[in-house]
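# An overview of the molecular structure
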Amino acid sequence: MISDVGCSISDLFNSNSPIMLSRLLICLFLLIIFRPCYAQEKGVPKNLKQAVRILEIDCPDVLKSTIRRTRNDSLINLCYPWGDSQTSYKTVEEWLTGDNENVKLDKYLIGKGISDNKHKQTIVLIAFKETLFKRPVNEDAIIKPYLDIELKGAKEDRIRYTTDSLRGFYIPKDLQDCFRKLNQFFDDTTKANIKKLSEREFASRYHRSFGMWLRNNWGLWGGSRLSQYFHELGIDFAEDMSGIIFDSYHRDLLGTQIKLAEQVKFYKDYWETARQRALKDKQEEFANYKLGDTVKYDYPYGYVSKKQEEDADKESCISKGIVVQKDSKNFFIKVKVITTCDIDGIISSDNKDWLTFNKVTKKWEKEKKRVIIKSKETAEVWFRYKDWKYNE
């Protein structure tokens, strides 16, 4: 469009005549009109069609060629963080996990019934792949297989603590059942090699690779009848569960006593010691906050304006408050805000990353509605003590 009116860089600097001046004005007008459109196209998409158009501009030619050659069920391996951390494509992930406007595409796909991040990224790349082959994009046809998977998964989730299989994987019911499945996984040669390893060597060698597979597919993180078995023993962390499974299996192969109660006690004692140590550290830190002390805000939830952030970085204006009350049981302090460095105050609460336990799905979930609370000068508000810095 701009070239149609004969606009060039030289025109901009050689506009002595009225004709050239008019051309200059037209060029500037067109730049003003069309630049926002281009910026918008390069921005954050709110649906699948916009995502495909932006990818046509953003995606490198080498990656486009790779996408054409890659099977649909393997496209996710081209995306961050599922592929190589150095070369995987990050644009689609950023669209789906960002803040504010960046969640538009995420909301669009959620509205279509897709909640799994891997499925979302795959759907976007399949749609883009269709355009690379000059084929029409049938959104419903692309989404349906992944919607079916998620609907099946949701049905499984309702019975995940009692069912004997999840996502196509058998879930052991107890430790002896774990041994039975592990004996099926490992051939005789592998078992013989495992017996040559020390207990520590076996656990160390298998903890990351096979251990990760086990924790994910046996539902030790997400919940299963096996995780419930361990919960009833008093073991709550998936990595502790897999640790007990590996140590017990190694002992079973060697024909020695498993000593399950002893293993459980080890992990319980470890976490109780850690809890007591953390509690003592908290109490010591909390004691540094005295009634009547002036404290400085640490902006844990971000800033209300760019200027407030710049002032904080330069320490040219510091948001302050006075400790007026303490809750030693929950480690909260009530602060009277006296300086905020902005007419809108400070952000005193933001539930963006808060998780709430859903009793129906039995999962920790993010709040559906984001709530940001701002506090202005003279307000008295309860805060976590670490939100404020005391004067050392």
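Up top is the structure these notes are about.
Below is a summary of the structure that appears in this document. All residue numbers here refer to positions counted from 1 along the written sequence of the relevant chain. Residue-level local features of this predicted model are given only where pLDDT is at least 70; pairs of side-chain atoms are given and counted only at 80 or more, and the full residue set underlies all totals for whole chains, interfaces and linings. Side-chain metrics in this entry use all non-hydrogen atoms of the structure; hydrogen atoms and water are not considered.

Only DSSP runs of H or I reaching four residues or more are called helices, and only runs of E reaching two or more are called strands; each is numbered from the N terminus. Looking only at helices and strands, one finds 16 helices and 11 strands in the protein chain. Each residue is placed in one exposure class: buried if its accessible area under a 1.4 Å probe, protein chains only, is under 20% of its type's maximum, exposed if it is over 50%, and partly exposed if it falls in between. Taking all 392 residues of the protein chain together, 36% fall into the buried category. Sequence separation of 24 or more characterises 64% of the internal contacts of the protein chain that already satisfy a separation of 6 or more. Summing over all exposed atoms, the protein chain offers an accessible surface of approximately 24,300 Å²; the carbon and sulfur share of this is 53%. Contact between two residues is taken to exist if any of their heavy atoms lie within 4.5 Å; hydrogens are not considered. Here the Shrake-Rupley method, with its probe set to 1.4 Å, supplies the accessible areas, and only the displayed protein chains count as covering residues.

So, on to the environment of Tyr 289. Among the structural elements, Tyr 289 can be located in the loop between helix H15 (260-286) and strand E3 (294-297). Sequence separation of Tyr 289 and Asn 391 is 102 residues, and the distance between their C-alpha atoms is 8.8 Å. If we ignore the near neighbours within four places in the chain, the residues touching Tyr 289 are Val 295, Lys 326, Ile 333, Tyr 385, Lys 386, Trp 388, Lys 389 and Tyr 390.

If you check which residues of helix H6 (residues 104-111) are buried, you get Leu 105, Asp 106 and Leu 109. Take H6 and look down its axis: the buried residues cluster within an arc of 105°, on one side only. Turned more than 90 degrees away from the buried face of H6, the exposed residues are Lys 107 and Gly 111. Packed against the buried residues of H6 are helix H3 (48-58), helix H5 (91-97) and helix H7 (117-132). The arc in question is formed by the directions pointing from the helix axis toward the C-beta atoms.

Counting rule for disulfides: a pair of cysteine sulfur atoms within 2.5 Å. Evaluated as defined, the whole model comprises one disulfide. With no disulfide of its own, Cys 79 has Cys 59 as its nearest cysteine by sulfur position, at a separation of 9.4 Å.

Strand pairs in the sheet, formed through backbone hydrogen bonds, run parallel or antiparallel to each other. Sheet architecture is open: five strands sit in the order E10-E5-E4-E3-E11, paired in antiparallel fashion. Lying at the two open borders of the sheet, with one neighbouring strand each, are strand E10 (380-384) and strand E11 (388-389). Across seven bridges, the pairing between strand E4 (residues 320-327) and strand E5 (residues 332-339) is antiparallel. Paired with Lys 326 across the bridge in E5 is Ile 333. One requirement defines pairing of two strands: DSSP has to find at least two bridges between them.

Of the strand pairs in this sheet, E3 and E4 are connected by three bridges, and their pairing is antiparallel. Directly across from Thr 294, in E4, lies its bridge partner Ile 322. What sits between E4 and E5 in their antiparallel hairpin is a turn of four residues, with Phe 331 showing a positive phi close to 60°.

Pairing of aromatic rings covers Phe, Tyr and Trp, the last counted by its six-membered ring, and requires centre-to-centre distances within 6.5 Å; plane angles under 30 degrees mean stacked, over 60 mean edge-to-face, and any other angle means tilted. Applying the stated rule across the entire model yields 27 aromatic pairs. Through successive ring pairs, a cluster of aromatic residues spans Phe 169, Phe 179, Phe 185, Phe 186, Phe 202, Tyr 206, Phe 210, Trp 213, Trp 218, Phe 246 and Tyr 249. We call a charge positioned above a ring when the Lys NZ or Arg CZ atom is no farther than 6 Å from the ring centre and deviates by at most 35 degrees from the ring normal. The ring of Trp 82 carries the charged tip of Lys 118 above its face, separated from the ring centre by 4.7 Å. Here the basic side chain of Lys 326 rests over the ring of Phe 286, its NZ or CZ set 4.5 Å away from the ring centre.

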